[in-house]
Amino acid sequence: MRQDTLCFRPATVADAALLGRLNHQLIRDEGHRNPMGVDALVERMRAWLSDDGYEALLAFDGDDLVAYVLWRDEPDCVYLRQIFVQREHRRQGVARHLMLSVFERWPDKRLTVDVLAGNARALAFWRRMGYRDYAVMLERLPPGDDDG
């Protein structure tokens, strides 16, 4: 895939089913503990896009959806909730091009993103995109709830 073949369009509520399935793949790929199934993720995506102020930008290579980014424009920042690139399109600059499009939309506003501490590739990506460490969330799991 060449970067000049990427096209972007805003997501609509009609895209919730597709985005919910991709979100399920994102959760598995990043090793998140979210136990939600596809149906619940589709409904959550539908609510986010229709009622909760979230917006998404979809990236296409021809007719193929290859990536998306989901955010909410809040008073003090733009909170990036999710970014996902289909497995076969990773490490080709898709996420970078998607984020450059987002940066153009808010050149003078703070953008935030949460990254799982164990996701070294994601951390490296965000740092390459100009993000800096701000906070670290720590947790103590109850006995027997071993996460690795």
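A brief structural summary. Treat the numbers as computed from the prediction; the structure is a model and nothing was measured.

So, on to the overall build of the protein chain. Of the regular secondary structure elements, the protein chain holds four helices and five strands. Expected size for 148 residues packed as a compact globule is a radius of gyration near 15 Å; at 16 Å, the protein chain falls within 12% of this value. When its C-alpha atoms are laid out on the principal axes, the protein chain stretches across 50 × 35 × 35 Å. Taken as a whole, the protein chain presents about 9300 Å² of accessible surface, with 50% of it coming from carbon and sulfur. Side chains of the protein chain give 21 positive and 24 negative charges; the mean places of these two sets differ by 4 Å.

Turning next to the pairing of strand β4 (residues 78-85). The element β4 is largely enclosed, with a buried count of seven among its eight residues. In this sheet, β4 lies alongside strand β3 (residues 64-73) in antiparallel orientation, the contact comprising seven bridges. Bridging from a neighbouring strand, Trp-71 pairs with Leu-80 of β4. Here β3 hands over to β4 after four residues, the two strands then running antiparallel side by side. Direction of pairing for β4 relative to strand β5 (residues 111-113): parallel, over a ladder of three bridges. Of the residues in β5, the one forming a bridge with Leu-80 is Val-113.

Here the focus is the side chain of Arg-44. Tracing the sequence through the fold places Arg-44 in helix α2 (residues 38-50). In this structure Arg-44 is buried but unpaired, with Glu-30 as the nearest side chain of opposite charge at 8.2 Å. In this view, Arg-44 contacts Asn-23, Asn-34, Met-36, Arg-81 and Gln-82; residues no more than four positions away in its chain are not counted.

Once that is clear, we can look at the nonpolar core. Core analysis: the largest hydrophobic core is formed by 23 residues, its most contacted members being Val-69, Trp-71, Leu-80, Met-99, Val-102 and Trp-126. Within the residue set of this core, elements represented by two or more residues are β2 (54-61), β3, β4, α3 (94-105) and α4 (120-128). The dominant element in this core, judged by the number of residues it contributes, is α3, at five residues. Those residues within four positions of Val-69 in sequence are excluded, and the remaining contacts are Glu-55, Ala-56, Leu-57, Leu-80, Gln-82, Ile-83, Leu-98, Met-99 and Val-102. Counting residues in each nonpolar core, the second largest holds 17 residues, with Leu-58, Phe-60, Leu-65 and Tyr-68 among its members.

Strand order in this open sheet of five strands is β1-β2-β3-β4-β5, and the pairing throughout is mixed. What marks the edges here is a single partner per strand, and that holds for β1 (6-10) and β5. The sheet shows a mean angle of 30° between the axes of neighbouring strands, direction not considered. Its contacts with the sheet put α2 on β2, β3 and β4, and the angle it makes with β4 is roughly 140°.

Taken as a whole and judged by the stated rule, the model has six aromatic pairs. Seen in terms of ring centroids, Phe-103 and Tyr-131 are 6.3 Å apart; in terms of plane orientation they differ by 40°. Their pairing is tilted. Placement of Phe-103 in helix α3 and of Tyr-131 in the segment after α4 is noted, with a sequence separation of 28 residues between them. The class for Tyr-131 is buried, based on a relative accessible area of 12%. Pairing Trp-126 with Tyr-131 gives two aromatic rings, centres 5.0 Å apart and planes at 75°, and the pair type is edge-to-face. You'll find Trp-126 and Tyr-131 in the same group, each marked buried. Taken together, the aromatic side chains of Phe-103, Phe-125, Trp-126 and Tyr-131 make up a single cluster linked through ring pairs.

Basis of the calculations
Residue positions are counted from 1 within each chain, in the order its sequence is given. Residues qualify for local features only when their pLDDT is at least 70, as the model is predicted, and side-chain atom pairs are given and counted only at 80 or more; totals for whole chains, interfaces and linings, by contrast, use all residues. Each side-chain value is derived from all of the structure's non-hydrogen atoms; neither hydrogens nor water enter the calculation. Secondary structure elements follow DSSP: runs of H or I of four or more residues count as helices, runs of E of two or more count as strands, with numbering from the N terminus. C-alpha atoms define the radius of gyration in this analysis, and the globule rule sets the expected value at 2.2 Å times the number of residues to the power 0.38. Surface accessibility in these figures is a Shrake-Rupley result with a 1.4 Å probe; residues are shielded only by whichever protein chains are displayed. Counting rule for charge: Lys and Arg are taken as positive, Asp and Glu as negative, and neither His nor the chain ends is counted. Here the site of a charge means atom NZ of a Lys, CZ of an Arg, CG of an Asp or CD of a Glu. For every residue, the accessible area (1.4 Å probe, protein chains only) is compared with the maximum for its type, and the residue is labelled buried under 20%, exposed over 50%, or partly exposed between those bounds. Here a strand pair is declared whenever DSSP counts at least two bridges between the two strands. Whenever a carboxyl oxygen of Asp or Glu lies within 4 Å of a side-chain nitrogen of Lys or Arg, that contact is scored as a salt bridge. It only takes one pair of heavy atoms within 4.5 Å for two residues to be counted as in contact. Remark: nonpolar core denotes a set of buried residues (Ala, Val, Leu, Ile, Met, Phe, Trp, Tyr, Cys) joined through side-chain atoms within 4.5 Å. Angular values range over 0 to 180 degrees, each being the angle between N-to-C directions of two axes fitted as lines to C-alpha atoms, with helices fitted over their stretch in contact. A pair of Phe, Tyr and Trp rings is counted when the ring centres sit within 6.5 Å of each other, with Trp represented by its six-membered ring. The angle between the planes then sorts it: under 30 degrees is stacked, over 60 is edge-to-face, the rest tilted.

From the geometry alone we can't say anything about function, so treat these as descriptive.
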